[in-house]
Amino acid sequence: MTLKHIVVQLDDAKNATSRYKVAFDLASSHEAHVTGLYVIAPPFVPTYMAGHIGGAFYDNQQRLAEDAATAACDEFDEAAKTAGLSYETMTAEGPPADRVAEVARYADLVIVGQPDPDLVGPADPAMEVPGTVILEAGRPVMVVPYVGALDHVGKSVMVMWNASREATRAIYDALPILTAAQKVSVVSVNPGRGTPDIGDLPGADITHQLARHGIKVEAAPTYANDIDVGDVILSRASDVGADLIVMGGYGRSRFREMILGGATRHLLEHMTVPVLFSH
């Protein structure tokens, strides 16, 4: 697999530029085409107010949304031209999470943003984008933190490994990035020693497989039974100097993740570097 088409979510958030800078960096490295996608969401109106708002309100909101889409696409267009990339912009209307997931099915990678909780309320449709796209797109999804990313993503990559279907999918989806990386660390958190799926030396089997692809890789099992797995992952990423985390997303059902927590949810809320999820 190679990265030949990257879809990046555009919006009018201040941190949107960090998203497409990541897309441009990857596109330049892999000679990929980039599609900037802006989704115009329906106006959000609480149910108790719906009967008191006239059509003029909705028309005005639609005009404002279209103006925001034009501005975001123009900014992306100018930046892509400057970068000398193959690119296009497109707009769609409807629930942002659904539209992004639909367009992502025709790409090798989709890049979305982590919503900033200080700017986006819990009922805002933007809050649903990362989780829904991970579950529904059927493609690898890179989520860029709202605090931004380093200038180059993919030089030092930390791969989370627990021998699950989702972790396996994530590794093979990320192969183009892993192959180009200068350093790859395979990390298993609290692995069970000697179990059939993880082996006597946790991470060794998948490390050997990655090495067959010419990837510079090392196994680094981590034991921290008294700390939340999500916190262990972020701490370990800092220790190894990772600029990207690769991991399986939503190993359990989304409902169970919401009730019980889970590493996916924790990273979506607290990520410090971009994370590539596969489900």
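The structure we're discussing is the one just above.
Residues numbered from 1 in each chain as written. Predicted model: local features only at pLDDT ≥ 70, side-chain atom pairs only at ≥ 80, totals over all residues. Heavy atoms only, no water.

Peer 1: Explain helix 5 (residues 129-136) to me, and be specific about the residues and the numbers.
Peer 2: Where burial is concerned, most of helix 5 is hidden: six out of the eight residues are buried. Residue G138 follows helix 5 closely and has a positive phi angle near 75°. (Buried < 20%, exposed > 50% of the residue type's maximum accessible area, 1.4 Å probe, protein only. Helix = DSSP H or I, 4+ residues; strand = E, 2+ residues; numbered from the N terminus.)

Peer 1: How would you summarise the packing of helix 9 (residues 229-240) against helix 11 (residues 263-270) if you had to cite specific residues and measurements?
Peer 2: Relative orientation of the contacting elements helix 9 and helix 11 amounts to 55°, with a least axis distance of 8 Å. By the criterion of interaxial angle, the relationship of helix 9 to helix 11 is oblique. The chirality of how helix 9 crosses helix 11 is right-handed. Contact with helix 9, carried on its side by V229, G230, D231, I233 and L234, involves A263, H266, L267 and H270 of helix 11 and no other residues of that element. Of the residues belonging to the contact of helix 9 with helix 11, the class tally is five nonpolar, three polar and one charged. (Axes fitted to C-alpha atoms, helices over the stretch in contact; angles between N-to-C directions. Parallel < 35°, antiparallel > 145°, perpendicular 65-115°, else oblique. Left-handed = near helix turned anticlockwise from the far one by under 90°. Contact = heavy atoms within 4.5 Å. Nonpolar A, V, L, I, M, F, W, Y, C, P; charged D, E, K, R; others polar.)

Peer 1: Describe in detail the pairing of strand 9 (residues 244-248), supporting the description with residues and values.
Peer 2: Burial runs high along strand 9: five of the five residues are buried. Going residue by residue along strand 9, you find L244, V246 and G248 tucked away on one face and I245 and M247 tucked away on the opposite face as well. Direction of pairing for strand 6 (residues 156-160) relative to strand 9: parallel, over a ladder of three bridges. Residue pairing for strand 9: M158 is matched across the bridge by I245. Pairing of strand 9 with strand 10 (residues 275-278) involves four bridges; the strand directions are parallel. By the bridge assignment for strand 10, M247 is matched with F277. (Pairing = 2+ DSSP bridges.)

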